[in-house]
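# Chains, contacts and geometry: an overview
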Amino acid sequence: MTHPEGPAARQQRADALMDEHLVPGPDSFDGEQYDREERAALRRVTGLSTELADVTEVEYRKLRLERVVLVGVWTSGSADDAEASLAELAALAETAGALVCDGVIQRRQKPDPATYIGSGKAAELREIVEEAGADTVVCDGELSPSQLVHLEEVVRVKVVDRTALILDIFAQHAKSREGKAQVALAQMQYMLPRLRGWGQSMSRQMGGGGGGGMATRGPGETKIETDRRQIHERMAKLRREIAQLKTGRDIKREERRRNRVLSVALAGYTNAGKSSLLNRLTGAGVLVENALFATLDTTVRRAETPSGRPYTIADTVGFVRHLPHHLVEAFRSTIDEVADAHLVLHVVDGSHPEPEAQLASVREVLAEVGAGEIREVVVVNKADVADPDVLSRLLAAEQGSIAVSARTGEGIEALRDFIDVLLPRPEVEIEAMVPYSQGGLVSRAHTEGEVLSAEHTEQGTLLKARVGPELAAALRACPQP
Ligand SMILES: Nc1nc2c(ncn2[C@@H]2O[C@H](COP(=O)(O)OP(=O)(O)OP(=O)(O)O)[C@@H](O)[C@H]2O)c(=O)[nH]1
Ligand SMILES: [Mg+2]
């Protein structure tokens, strides 16, 4: 007979398993479900401007993208790699709400320091832009502020880079306070050196000479200094806010750790199917969308292994190649969720043309945040539509990997068993007679470990369980009859 778990212990574990923001609102089945409509309606409205409404007249690139022409510089790797990167840029632009008119790749040793693609090519690009009736050029890389300005002078439409595009998508998709603050901070870091007029137009006006000082400083420059100062102040405020929210998250995670709740994190390239898998495994109604960066806020749900062990499973922000460094930094606390998990399921889209490149990109980011060493299992998703040859190639290359389909449910039972086997088990198997006066120890065995049997006898509960070393010691210390 199994000893019933005390209500207090049960509650404690339930609290630890649950994150406050997961509790659906009173009038919604699942808060996330409204997301989709709302997001579709809001698409393209927000840009870099929203977070800075209080900084007057700062001229930065508002991403009101409508018709865009993409341009990539192909410096290394195969032509296929370059095309895949541009195809991804197209997907990003579409996610941001733009219509992609055309895309060009320029073969170069390295990007041109002045105009990224070189002045001759820039003139050609100008023609393509005119023909397409485009209003924006999106470059497949991170351009220096002066490259952006120079290229803009030639093509005479707005020029943005991959980083700005990703930041824009993040800004559109961020939902939680923490997510919004993280994106706003990354946007400001990106924007700061790109404030127009800073240095460049003013110093030209000044003829480059003069000893500086108040007398020679133009009104424009003073204005930009004010803007810069305001941005610095806002950034400091955001950093404090993020740190505060992080503390709250850390406390919750610490609580889960103290209660020895097992944790699994889903990580992987954007659009790999992480949220779909979370829904499959837990029945959670998390937003799934065929769009890049559908998920920005970490969602933690509870689940149970087939053998009945409870664990938490966290859905996380997707990665992409050349994820802007500022974003990685800003989202660090979110990514820490992955670093702290007992087990990471690295989800990869088996139907993607370059799954290996995606695996590598994700590992690069994980290594960058110091999460490269955690236990990782590759889950090849979308097995229903993947090429069987690619599947077997991946399964052979990645030791201990597993193929599943979140859509059809294929392989999901095996994945559940997998999780059960891979989640650490309490190390010590113990048999002890626990006097009724020490019933708390029995509750702890239920919460922290695995109770194999619990028999009520006259002297107390005869407990057989697998527990951690600390609890094992406490149980051994019980006075034996
Ligand atoms: N055919 C097929 N499609 C799938 C499968 N799993 C997910 N998808 C689709 O892939 C797209 C992305 O799924 P998501 O679960 O939103 O992917 P994600 O990894 O959470 O993406 P982000 O949150 O954007 O990083 C959606 O259109 C899903 O319907 C699968 O097993 N088979
Ligand atoms: Mg998702």
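The name given to the chain in an unreviewed UniProt entry is GTPase HflX, and the organism recorded there is Streptomyces djakartensis. Comment text from UniProt for the chain, heading Function (unreviewed entry), reads "GTPase that associates with the 50S ribosomal subunit and may have a role during protein synthesis or ribosome biogenesis." The UniProt entry for the chain carries this comment under Subcellular location (unreviewed entry): "Cytoplasm".

This part takes up the packing of helix α16 (residues 439-448) against helix α17 (residues 469-476). The contact between α16 and α17 brings their axes to 11 Å, and the two run at 155 degrees. Regarding the angle of α16 to α17, the classification is roughly antiparallel. Here α16 and α17 pass one another in a crossing that is left-handed. Contacts between α16 and α17 pair Leu-441, Arg-444, Ala-445 and Glu-448 from the former with Glu-470, Leu-471, Ala-474 and Leu-475 from the latter. Class assignment of the residues belonging to the contact of α16 with α17 gives a composition of five nonpolar, no polar and three charged.

Here the UniProt feature "coiled-coil region" (unreviewed entry) sits at residues 228-255. The distance from the first to the last C-alpha atom of residues 228-255 is 40 Å, and the span holds 100% helix and 0% strand.

Another aspect to go through is α17. Looking only at α17, the buried set comprises Leu-471, Ala-472 and Leu-475. What you see down the axis of α17 is that its buried residues fit within an arc of 105 degrees, all on one side. Elements that come into contact with the buried residues of α17 comprise β11 (428-434), α16 and β13 (461-467).

The six strands lie next to each other as β6-β7-β5-β8-β9-β10, forming an open sheet whose pairing is mixed. Looking at strand neighbours, the two that pair on one side only are β6 (299-304) and β10 (402-403), the edges of this open sheet. Of the strand pairs in this sheet, strand β8 (residues 343-349) and strand β9 (residues 376-381) are connected by six bridges, and their pairing is parallel. The partner of Asp-349 across the bridge, within β9, is Asn-381. Of the strands in this sheet, β5 (262-268), β8 and β9 are in contact with helix α13 (residues 355-368), which crosses β8 at around 145 degrees.

What follows is about the pattern of salt bridges. Here the structure, examined in full by the defined rule, presents 17 salt bridges. For Arg-162, the salt bridge is made with Glu-88, and the minimal N-O distance between the two is 3.2 Å. Placement of the pair is Arg-162 in helix α6 (residues 162-173) and Glu-88 in helix α3 (residues 79-95), with a sequence separation of 74 residues. Pair check on accessibility: Arg-162 and Glu-88 agree, each one buried.

Cut-offs used in this document
- Residues numbered from 1 in each chain as written.
- Chains lettered and ligands numbered in written order.
- Predicted model: local features only at pLDDT ≥ 70, side-chain atom pairs only at ≥ 80, totals over all residues.
- Heavy atoms only, no water.
- UniProt positions renumbered as here; feature names shortened; annotations may be inferred.
- Axes fitted to C-alpha atoms, helices over the stretch in contact; angles between N-to-C directions.
- Helix = DSSP H or I, 4+ residues; strand = E, 2+ residues; numbered from the N terminus.
- Parallel < 35°, antiparallel > 145°, perpendicular 65-115°, else oblique.
- Left-handed = near helix turned anticlockwise from the far one by under 90°.
- Contact = heavy atoms within 4.5 Å.
- Nonpolar A, V, L, I, M, F, W, Y, C, P; charged D, E, K, R; others polar.
- Buried < 20%, exposed > 50% of the residue type's maximum accessible area, 1.4 Å probe, protein only.
- Arc of directions from axis to C-beta.
- Pairing = 2+ DSSP bridges.
- Salt bridge = Lys/Arg side-chain N within 4 Å of Asp/Glu carboxyl O.

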